[in-house]
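These are the residues of each chain, in order.
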Amino acid sequence: MNAYPNYHVPRIAGQNYDYLVNALTEYKKGERNHPTMRAQGESLSDQDIRNIATYLSSISK
Ligand code: HEM
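The present account deals with the structure reproduced in this document. (Residues numbered from 1 in each chain as written. Predicted model: local features only at pLDDT ≥ 70, side-chain atom pairs only at ≥ 80, totals over all residues. Heavy atoms only, no water.)

A word on the coordination of the iron atom of the ligand. Counting protein donors to the iron atom of the ligand gives just one, Met-37 (SD), placed at 2.1 Å. Considering the arrangement of structural elements, one finds Met-37 in helix H2 (residues 35-42). (Donors = N, O, S within 2.8 Å, 3.2 Å for Na, K, Ca; no water. Helix = DSSP H or I, 4+ residues; strand = E, 2+ residues; numbered from the N terminus.)

Let us look at the packing of helix H1 (residues 17-29) against H2. With their axes 7 Å apart at the nearest point, H1 and H2 run at an angle of 95° to one another. With respect to each other, H1 and H2 are oriented roughly perpendicular. Counted together, Leu-24, Tyr-27 and Lys-28 of H1 and Met-37, Arg-38, Gly-41 and Glu-42 of H2 form the full contact between these two elements. Across the contact of H1 with H2, the residue classes break down as 3 nonpolar, 1 polar and 3 charged. (Axes fitted to C-alpha atoms, helices over the stretch in contact; angles between N-to-C directions. Parallel < 35°, antiparallel > 145°, perpendicular 65-115°, else oblique. Contact = heavy atoms within 4.5 Å. Nonpolar A, V, L, I, M, F, W, Y, C, P; charged D, E, K, R; others polar.)

Looking now at the site of the ligand. For the ligand, the set of nearby residues contains 17 residues, the closest of which are Tyr-19, Tyr-27, Arg-32, Met-37 and Gln-40. The side chain of Arg-32 places a nitrogen or oxygen atom 2.8 Å from an oxygen atom of the ligand. Given that more than half its atoms are within 2 Å of the pocket grid, the ligand belongs to the largest pocket. Breaking the shell around the ligand down by element, the ones donating at least two residues are H1 and H2. (Near = heavy atom within 4 Å. Polar contact = N/O pair within 3.5 Å; in protein donor to acceptor, adjacent residues only side chain to side chain. 1 Å grid on protein atoms, 1.4 Å probe; cavity = no way out; pocket = protein on both sides within 12 Å on 5 of 7 lines; lining within 4 Å. Sits in = over half its atoms within 2 Å of the grid points.)

Okay, H1 next. When the terminal C-alpha atoms of H1 are compared, their 18 Å separation across 13 residues agrees well with the 18 Å that a helix rising 1.5 Å per residue should span. What H1 keeps buried is the set Leu-20, Val-21, Ala-23, Leu-24, Thr-25 and Tyr-27. Where the residues of H1 are buried, they touch H2 and helix H3 (46-58). Put simply, Asn-16 is the residue that caps the front of H1, since its side-chain oxygen is 3.0 Å from the backbone nitrogen of Asp-18. (Expected span 1.5 Å × (residues − 1). Buried < 20%, exposed > 50% of the residue type's maximum accessible area, 1.4 Å probe, protein only.)

Our next topic: the pattern of salt bridges. For the structure shown, the criterion picks out 2 salt bridges. Residue Glu-26 pairs with Arg-32 through a salt bridge whose shortest N-O separation is 2.9 Å. Overall, Glu-26 belongs to the partly exposed group, its relative accessible area being 28%. Residue Glu-42 pairs with Arg-38 through a salt bridge whose shortest N-O separation is 3.7 Å. Within this pair, Glu-42 and its partner Arg-38 are both found in helix H2, separated by 4 residues, close to a single helical turn. Using a relative accessible area of 26% as the deciding quantity, one classes Arg-38 as partly exposed. (Salt bridge = Lys/Arg side-chain N within 4 Å of Asp/Glu carboxyl O.)

Written out as C-alpha cells, the structure is:
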C-alpha cells in the first residue's frame, strides 16, 4: 500500500490518458530517473499501465 507523502508530488487525477501512459512507460524503461517512480514503473506490466491510465484519466481533478 502506498502512503501519500508530505512532500510535493504531481496531481495525476484527470490527466490525459496518453500523457499518463507515456510517463509511466518512461519510468518503467528508465528514461525518467526519479527513483521512487522508477520502482513503481518497474513493477507494472504494459497492461497495468494502460489500466491505471484509463482509471486516472476517468476521474475528475
Ligand atoms: C500506483 C502508484 C503510483 C502511480 C500510478 C504514480 C503515477 C505517477 C505519474 C503518472 C507521474 C508523472 C507525473 C507527471 O510527469 O506529471 C508520477 C510522478 C511522481 N510520483 Fe508517482 N505514482 C505512484 C506512486 C508514487 C509514490 C508511492 C510516490 C512517493 C512516495 C510517488 C512520487 C512521485 C514523484 C515525486 C513524482 C515526480 C517525479 C519526477 O519528477 O519525475 N509516486 N507518478
